[in-house]
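A closer look at the structure
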Amino acid sequence: MILRDTTARTMLGSMLVSSIGMGLYTLALGQTLFQHTGDAQAFAMIFALQGLGAVAVLPFSGPLVDAFDSRTVYVLCSLLRATTVGVITVTLATGDGGVVSVVGTAAVFLAVFDNVQRTAFFKFTAHHIAGDRAVAFNSLIGIAIQAGSLIGMAALGLVLMVGTATQALLVDVAVSLVAALVVSRLRAPRQESVGRLRNSTLRSALPDMLRDWAGLFSRHRHEVVVFGMVLMCAGDFVYSYSLSTLVVPLVDAWHGGQPWAVSALEGTLGAGMIVATFFTRYTVRLALLPLWVSMQAVIALGLAFTTAPALHYVGFFLAGFANLNGITLLLTLLQQHAGPLDKAKMASLRLLAIGLGTAALMPVLGLAARQSLTAAFLAVAALLVPFAVCGVWAALRFRPRTAATAKDEAEPRQELTPA
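Going by the annotation in an unreviewed UniProt entry, the name recorded for the protein is MFS transporter, with Streptomyces flavovirens given as the source organism. Quoted verbatim from the Subcellular location (unreviewed entry) field of the UniProt record, the comment on the protein reads "Cell membrane".

On to the overall build of the protein. Counting secondary structure elements, the protein contains 14 helices and zero strands. When the elements of the protein are put in sequence order from the N terminus, they spell out α-α-α-α-α-α-α-α-α-α-α-α-α-α. Within the protein, buried positions represent 59% of all 419 residues. Counted over contacts in the protein with a minimum sequence separation of 6, partners at least 24 positions apart contribute 86%.

The next subject is helix α13 (residues 343-371). The terminal C-alpha atoms of α13, which comprises 29 residues, lie 42 Å apart, in line with the 42 Å expected from a rise of 1.5 Å per residue. A maximum bend of about 30 degrees is found in α13 at Thr358. Burial runs high along α13: 21 of the 29 residues are buried.

Right, let's get into the side chain of Ser61. By secondary structure assignment, the location of Ser61 is in helix α2 (residues 40-67). On the accessibility criterion, Ser61 (2% relative accessible area) is buried. For Ser61, the residues in contact, after removing those within four places along its chain, are Val116, Thr119 and Ser348.

Now for the packing of aromatic side chains. A complete count under the given rule lists seven aromatic pairs for this structure. Judged by centre distance (6.3 Å) and plane angle (25 degrees), the ring pair of Phe121 and Phe137 falls under stacked. Note that Phe121 is positioned in helix α4 (residues 99-128) and Phe137 in helix α5 (residues 134-162), a separation of 16 residues in sequence. Grouping residues by exposure puts Phe121 and Phe137 together as buried. Ring geometry for Trp292 and Phe321: centres 5.8 Å apart, planes at 65 degrees, overall edge-to-face. Taken together, the positions of Trp292 in helix α11 (residues 289-304) and Phe321 in helix α12 (residues 309-337) put the pair 29 residues apart, joining distant regions of the chain. We note that Trp292, like Phe321, is buried.

Under the criterion given, the structure shown has six salt bridges. For Asp172, the salt bridge identified is with Arg81, shortest N-O distance 2.6 Å. Taken together, the residues span a long stretch of sequence, with Asp172 in helix α6 (residues 165-184) and Arg81 in helix α3 (residues 70-94) at a distance of 91 residues. There is no split in this pair, since Asp172 and Arg81 are both buried. A salt bridge links Arg219 to Asp342; the shortest N-O distance between them is 2.8 Å. A residue pair is termed long-range when its members are at least 10 positions apart, and Arg219 in helix α7 (residues 205-219) and Asp342 in the loop between α12 and α13 qualify at 123 residues. Since its relative accessible area comes to 16%, Arg219 is described here as buried. Taken together, the shared-partner salt bridges in this structure form one network comprising Asp66, Asp212, Arg219, Asp342 and Lys345.

A grouping of Val275, Phe278, Phe279, Tyr282, Leu311, Val314, Phe317 and Leu318 is seen on the molecular surface, where their side chains present a nonpolar patch of about 740 Å² in accessible area. Counting residues per element, the nonpolar patch draws most heavily on α12, at four residues. Note that Leu318 resides in helix α12. Overall, Leu318 belongs to the partly exposed group, its relative accessible area being 34%.

This next bit is on the packing of helix α1 (residues 6-37) against α4. Between α1 and α4, the shortest axis-to-axis distance is 13 Å and the interhelical angle comes to 165 degrees. One element, α1, and the other, α4, form an angle in the roughly antiparallel class. Crossing handedness for the pair α1 and α4: left-handed. Where α1 approaches α4, its residues Thr7, Met11, Met15, Tyr25, Leu29, Leu33, His36 and Thr37 are matched on the opposing element by Val99, Val100, Val103, Leu110, Phe121, Phe124 and His128. Classifying every residue of the contact of α1 with α4 by side-chain character gives 11 nonpolar, four polar and no charged.

Summarising the element assignment, Leu29 is placed in helix α1. Under the relative-accessibility criterion, Leu29 is labelled buried at 1%. A sequence separation of 59 residues divides Leu29 from Ile88, and the C-alpha atoms of the two residues are 9.2 Å apart.

A full pass over the atoms with the stated rule returns zero disulfides. Cys233 provides the cysteine sulfur closest to Cys390, a residue in no disulfide bond, and the two sulfurs are 9.8 Å apart.

Relative orientation of the contacting elements helix α8 (residues 224-254) and helix α9 (residues 259-277) amounts to 140 degrees, with a least axis distance of 9 Å. With respect to their mutual orientation, α8 and α9 come out oblique. Relative to α9, α8 is oriented so that their crossing is right-handed. In this structure, α8 contributes Leu243, Ser244, Val247, Val248, Leu250 and Val251 to the contact, and α9 contributes Ala261, Val262, Leu265, Glu266 and Leu269. Its residues assigned to classes, the contact of α8 with α9 shows nine nonpolar, one polar and one charged.

Mapped onto the elements of the fold, Ala300 is located in helix α11. In sequence terms Ala300 and Ala381 are 81 residues apart; their C-alpha atoms lie 5.3 Å from each other. Ignoring any residue separated from it by four or fewer positions in sequence, one finds Ala300 in contact with Tyr239, Phe377, Val380 and Ala381.

Quick notes on the rules
Residues numbered from 1 in each chain as written. Predicted model: local features only at pLDDT ≥ 70, side-chain atom pairs only at ≥ 80, totals over all residues. Heavy atoms only, no water. UniProt positions renumbered as here; feature names shortened; annotations may be inferred. Helix = DSSP H or I, 4+ residues; strand = E, 2+ residues; numbered from the N terminus. Buried < 20%, exposed > 50% of the residue type's maximum accessible area, 1.4 Å probe, protein only. Contact = heavy atoms within 4.5 Å. Expected span 1.5 Å × (residues − 1). Bend = angle between axes of the 7 residues up to and from the residue. Phe/Tyr/Trp six-rings, centres within 6.5 Å; stacked < 30°, edge-to-face > 60°. Salt bridge = Lys/Arg side-chain N within 4 Å of Asp/Glu carboxyl O. Patch = residues over 30% accessible without salt bridge, like charges linked within 9 Å, V, L, I, M, F, W, Y side chains within 5 Å. Areas by Shrake-Rupley, 256 points an atom, 1.4 Å probe, with all protein chains shown as cover. Axes fitted to C-alpha atoms, helices over the stretch in contact; angles between N-to-C directions. Parallel < 35°, antiparallel > 145°, perpendicular 65-115°, else oblique. Left-handed = near helix turned anticlockwise from the far one by under 90°. Nonpolar A, V, L, I, M, F, W, Y, C, P; charged D, E, K, R; others polar. Disulfide = S-S within 2.5 Å.

Structure (structure tokens):
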């Protein structure tokens with residue numbers, strides 16, 4: 001059983017703790033900015049700025065994390081995240097003007113630290129939790145993230161009884177420090193592969209990094225569909241970000257503006273993801289990828305014309321179910337398809353696609369949201385159409401590699417077991 005593995009338990013525990021902060025941070029920041037501006041576009045722009053931060057760092061983070069100990073990088077990023085959220089908290093508590101610009105700047109740095117940390121997490125788990133345990137572990141990541149988010153939302157409700165949404169951000173600072181402590185005490189069961197940049201001088205670092213990237217693209221030059229799947233990762237995250245962006249105006253329009261309804265809808269989305277993790281043995285299959293993407297688009301279309309609060313909960317639950325299946329499938333396939341020296345670089349490509357997609361598409365959502373809530377949900381549905389087409393292409397053309405048919409420059413690839 002995967003939970004008997006100390007490494008798996010520790011990393012899942014760290015993800016659970018971090019997600020408590022993230023669940024609270026997203027809702028608290030959204031409510032605070034909405035109170036300051038009265039406009040959902042401000043929150044959408046924060047997501048877009050975070051996407052730009054990811055775009056700026058990810059070309060460098062892959063080769064860098066491939067060259068160094070992923071556990072150390074993970075811990076350092078947790079500490080830097082705690083510091084950055086602390087800056088955001090102080091700004092929101094004391095700033096009278098220019099709050100959005102200051103928070104947006106801090107959000108860029110937060111995106112840098114978060115994406116380097118995710119790259120390190122991808123590499124660490126790909127090296128130490130692979131083979132037939134990968135799908136089980138990756139689906140449990142969904143449980144850890146959503147359970148943590150639900151706890152974070154509940155914690156936000158408790159904090160709001162005695163304080164403000166801005167003060168609640170301090171909880172995120174605390175849990176980031178706890179996550180750093182948990183992982184710092186972990187000892188990896190085996191040594192990781194060392195990338196090209198480990199032995200580079202300052203003068204040769206850039207050429208070595210470019211050669212590192214060139215090697216990855218060369219090894220996958222006949223697998224364009226793999227890069228299509230990398231791009232598809234953006235669709236799932238833009239979708240979840242869109243629902244988080246629109247949940248506050250949705251509640252304001254049809255749920256009487258009750259703060260608890262925001263948490264309840266986000267919790268329903270998380271519940272759908274948690275339920276999905278119990279069925280990944282049957283649902284995380286390449287042939288079903290187009291279904292999960294298309295299902296998300298159809299749900300967004302339905303939410304555009306639904307005014308009944310009860311149906312909003314049904315839509316958010318099904319959206320979470322489909323979103324988790326798509327994320328788990330793409331994560332597992334890309335994580336295992338990359339060779340030992342390419343784990344972090346593949347993670348960087350995946351996160352870079354998410355960052356570019358967020359930076360390019362979230363402003364579109366923000367503009368649509370300024371027109372009407374219906375227009376915003378219609379925009380979400382339209383944005384997912386090309387991702388659904390790409391899902392059909394991947395289901396038809398992608399061929400998972402095995403250790404017998406795929407070789408890395410340094411050692412064999414892990415056996416791929418997508419479902």
